[in-house]
Amino acid sequence: MTTRDSKAATRRRPRLTIDAQGFASLARQIESPNCDERPRDTAITLVIVHGISLPPGKFGGAGIVDLFTNRLDANAHPSYAAIADLRVSAHFVIRRDGELVQFVPCGKRAWHAGASSWKGREGCNDFSVGVELEGADTVPYESAQYRMVARLLKALYRRYAFRHVAGHSDVAPGRKTDPGPAFDWQRLAALIKPRR
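The sections below set out a description of the structure shown in this document. Keep in mind that this is a model prediction, so the values were computed, not measured.

### Details of the pattern of salt bridges
Under the definition given, this model contains eight salt bridges. Of the charged contacts in the structure, one is a salt bridge between Glu99 and Arg28, with a shortest N-O distance of 2.7 Å. Of this pair, Glu99 sits in the loop between strand S4 (92-94) and strand S5 (100-102) while Arg28 sits in strand S1 (residues 28-29), placing them 71 residues apart in sequence. Residue Glu99 is classed as partly exposed on the basis of its relative accessible area of 28%. Asp66 is the salt-bridge partner of Arg71, the closest N and O atoms lying 3.9 Å from each other. Via salt bridges that share partners, Asp36, Arg109 and Asp126 belong to a single interconnected network.

### Concerning the packing of aromatic side chains
As enumerated under the stated definition, the model contains five aromatic pairs in all. Look at Tyr141 and Phe183: their rings are 5.5 Å apart centre to centre, the planes differ by 80°, and that puts the pair in the edge-to-face class. One end of the pair, Tyr141, is in the loop between strand S9 (128-134) and helix H3 (143-160); the other, Phe183, is in the loop between helix H4 (168-171) and helix H5 (185-192), with 42 residues separating them in the sequence. Residues Tyr141 and Phe183 agree in their burial class; the two are buried. Plain terms: the ring middles of Tyr146 and Phe183 are 5.3 Å apart, the flat faces sit at 20° to each other, and that makes the pair stacked. Highlighted residues: Tyr146 in helix H3 and Phe183 in the loop between H4 and H5, separated in sequence by 37 residues. Residue class for Tyr146 comes out buried when judged on its relative accessible area of 2%. Residue classification places Phe183 among the buried positions, given a relative accessible area of 3%. Ring pairs connect the aromatic residues Tyr141, Tyr146, Phe183 and Trp185, which therefore count as one cluster. Between the NZ or CZ atom of Arg96 and the centre of the ring of Phe59, over which it lies, the distance is 4.2 Å. Its end group placed over the ring of Phe127, Arg121 keeps NZ or CZ at 3.9 Å from the ring centre.

### Quick notes on a positive patch on the surface
Judged by side-chain charge, Arg13, Arg15, Arg147, Lys154, Arg158, Arg187 and Arg195 come together as a positively charged surface patch. The leading source of residues in the positive patch is H3, at three residues.

### What about the state of the cysteines?
For the structure on display, the rule yields zero disulfides. Free of any disulfide, Cys106 has its nearest neighbouring cysteine sulfur in Cys35, separated by 11 Å. Of the cysteine sulfurs around Cys124, a residue in no disulfide, the closest is that of Cys106, at 16 Å. Judged by relative accessible area, Cys124 falls into the buried class, the value being 0%.

### Quick look at the sheet that holds S5
Read across the sheet, six strands follow the order S1-S5-S4-S9-S3-S10 without closing on themselves; strand pairing throughout is mixed. Looking at which strands have only one partner, the edges of the open sheet turn out to be S1 and strand S10 (164-167). Where S4 and S5 come together, three bridges link them in antiparallel fashion. Following the sheet pairing, Ile94 is matched in S5 by Leu100.

### Looking at the nonpolar core
In terms of nonpolar packing, the biggest core is built from 27 residues, with Phe92, Leu100, Val131, Leu152 and Leu156 touching the most fellow members. Of all the elements in the fold, those that place two or more residues in this core are strand S3 (46-52), S4, S9 and H3. When residues of this core are assigned to their parent elements, the largest contribution, eight residues, is made by H3. If we skip the residues at most four places from it in the chain, Phe92 touches Ile18, Ala24, Leu100, Val101, Gln102, Cys106, Val129, Gly130, Val131, Glu132, Leu152 and Leu156.

Criteria and thresholds
- By convention here, each chain's residues receive numbers from 1 onward along its written sequence.
- Restriction of local features to residues with pLDDT of at least 70 applies here, the model being predicted, together with a cutoff of 80 or more for giving and counting side-chain atom pairs; totals for whole chains, interfaces and linings are based on all residues.
- Remark: hydrogens and water are excluded; side-chain values derive from all non-hydrogen atoms of the structure.
- We define a salt bridge as a contact between a side-chain nitrogen of Lys or Arg and a carboxyl oxygen of Asp or Glu at a distance within 4 Å.
- Comment: elements are numbered from the N terminus, with helices defined as DSSP H or I runs of at least four residues and strands as E runs of at least two.
- Residue burial is assigned from relative accessible area. The probe radius is 1.4 Å, only protein chains are included, and a residue is buried under 20% of its type maximum, exposed over 50%, and partly exposed in between.
- Ring pairs shown here join Phe, Tyr and Trp side chains whose ring centres sit within 6.5 Å, with only the six-membered ring taken for Trp; geometry is labelled stacked below 30 degrees between planes, edge-to-face above 60, and tilted in between.
- We call a charge positioned above a ring when the Lys NZ or Arg CZ atom is no farther than 6 Å from the ring centre and deviates by at most 35 degrees from the ring normal.
- For patches, a residue must show more than 30% relative accessible area and have no salt bridge; joins then use 9 Å for like charges and 5 Å for nonpolar side chains, namely Val, Leu, Ile, Met, Phe, Trp and Tyr.
- What sets the accessible areas is the Shrake-Rupley method with a 1.4 Å probe; for residues, cover comes only from the shown protein chains.
- Residues scored as charged are limited to Lys and Arg (positive) and Asp and Glu (negative), so that His and the chain ends carry no count.
- By convention, the point assigned to a charge is CZ for Arg, NZ for Lys, CD for Glu and CG for Asp.
- Disulfides are defined as pairs of cysteine sulfur atoms found within 2.5 Å of each other.
- Two strands form a pair only when DSSP identifies at least two bridges running between them.
- Nonpolar cores are built from buried Ala, Val, Leu, Ile, Met, Phe, Trp, Tyr and Cys residues. Side-chain atoms within 4.5 Å join them into one set.
- Whether two residues are in contact is decided by their heavy atoms, any of which lying within 4.5 Å being enough.

Keep in mind these values describe shape, not function.
If you want it as structure tokens, here you go:
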């Protein structure tokens, strides 16, 4: 494939958009009950990037979906006993192959950040969108994930004009470490930088 062909293929790729309710056009939709209404007149000003794998360090299974839909079997893995009763979610999960899965529309509050603060403002779930990347703190994330998170951030920006992107470790320091040192923030910045 020539450079011209690859540019043409990129142009033909469907555009990722976010509708007025906060649904992503290219996402596989799986509804999570773990959400509620955002506080009235609260603008989305932050996107929080997380890393998740269930079981820890294993990729591709049903654990994440089961956790976010309250179906995680506490006996399926030793690590599940401590988390099976949690009621958590995120707006999006990006699988290792770049697949985008949506659990909560952005217009609602997903339960992803927990006790958190950003720029002196508590309760980040109120004003943020949570994006989980299937991964682990010390395992490099995949190129397809960087491409998809960049596309998602651009789509979210077009809809909400948010001001900040942070890691879970940034909003809950000392309590959370994800997306971890394996996540390349400079690589993401290069992908979302406007073209001249």
